[in-house]
Amino acid sequence: MIKVCVFDAFGTLFQLDLPVDVATNKTALEALKISRQKQLEYSWLYSQMGKYLPFEKITMMAIKYAVKKVGLKDITLSRKLKTIFLTPNYYDDVVETVRELKTSGIRCGILSNGSGKMLSEVIKYTGLVDAFDFVLSAEDVKTFKPSPLVYGIALHHLRIPKEQILFVSSNQWDISGANAFGFKTAWINRSDSLREPILDSAETIILKKLSSIPETLNEFN
């Protein structure tokens, strides 16, 4: 029986999109794409080197590189890029999904590469302070997902068997890491992305939206 749903944060619960007023700026869009890619690359590199920087510092490094790479001269746009990860919107079905899961007796929480401070600011900004039962950060083990040490934070906190935890993410690499650790997983594939060979597990369900989670939990129960 699934007793707990553990959600990734950025890209899964919180949208990483440019504000509407600048969303058509191709240079800014390219900078955002590159910064997201570099953010992940830098986190993985630091993990492999056995070093650690808080996720917000890695994020700023990635944005600084991306802005320089695309030649983004507009200071206002650069500043908006830097605020995306601290002032995001949440997806429309987040509140509904979490409420339905908790009503059915399933605990809901967050496990993110974001630092405790970063997550606290985002949750406060979005007004979701009371939505989740717990918020866990990779900062506790000074490395990043997909290291098994990070997924182990949830196991240590919850004190229940792995089989009773459903890990939810929009990132295939994150789902693969959680699967390798032993969690059952749900990949939220909103954009109909091609399934990569690494995501090959009977322990994964693929959904287009978060709100489908409650009705599909019986696949694991």
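The structure this text deals with has already been given above.
Since the structure is predicted, the reported quantities are computational estimates derived from the model, not experimental observations. (Residues numbered from 1 in each chain as written. Predicted model: local features only at pLDDT ≥ 70, side-chain atom pairs only at ≥ 80, totals over all residues. Heavy atoms only, no water.)

As for the layout of surface pockets
Put simply, the largest pocket is a space of about 460 Å³. What lines the largest pocket is a set of 18 residues, and nearest its centre among them are Gly11, Tyr91, Ser170, Asn171 and Ser191. Of all the secondary structure elements, the ones that give two or more residues to the lining of the largest pocket are α1 (26-49), α7 (172-181) and β5 (184-188). For the lining of the largest pocket, the leading source of residues is α1, giving three residues. (1 Å grid on protein atoms, 1.4 Å probe; cavity = no way out; pocket = protein on both sides within 12 Å on 5 of 7 lines; lining within 4 Å. Points joined across faces, edges and corners; volume = space filled by probe spheres on them. Helix = DSSP H or I, 4+ residues; strand = E, 2+ residues; numbered from the N terminus.)

Some points on the sheet that holds strand β3 (residues 134-137)
The strands making up a sheet associate through hydrogen bonds between their backbones, and the pairing can be parallel or antiparallel. The six strands lie next to each other as β3-β2-β1-β4-β5-β6, forming an open sheet whose pairing is parallel. Among the strands making up the open sheet, the edge pair consists of β3 and β6 (204-207). Each adjacent strand pair in this sheet contributes to an overall mean axis angle of 25°, direction not counted. With four bridges joining them, strand β2 (residues 107-112) and β3 adopt parallel strand pairing. When the bridges of β3 are listed, Ile110 appears paired with Val135. Running over the sheet, α7 touches β4 (165-169), β5 and β6 and is turned about 175° from β5. (Pairing = 2+ DSSP bridges. Axes fitted to C-alpha atoms, helices over the stretch in contact; angles between N-to-C directions. Contact = heavy atoms within 4.5 Å.)

Comments concerning empty space enclosed by the protein
This model, assessed by the stated rule, comprises one cavity of 30 Å³ or more. Roughly 70 Å³ of internal volume is contained in the largest cavity. Class assignment of the residues belonging to the lining of the largest cavity gives a composition of four nonpolar, three polar and three charged. (Nonpolar A, V, L, I, M, F, W, Y, C, P; charged D, E, K, R; others polar.)

Concerning helix α5 (residues 116-126)
For α5, the set of buried residues is Met118, Leu119, Val122, Ile123 and Thr126. One side of α5 carries all its buried residues, which in axial view fall inside an arc of 125°. Structural note: α5 exposes Lys117 and Lys124 on the side pointing more than 90 degrees away from its buried face. Against α2 (55-70), β2 and β3 lie the buried residues of α5. Just past α5, the residue Gly127 takes up positive phi, approximately 75°. (Buried < 20%, exposed > 50% of the residue type's maximum accessible area, 1.4 Å probe, protein only. Arc of directions from axis to C-beta.)

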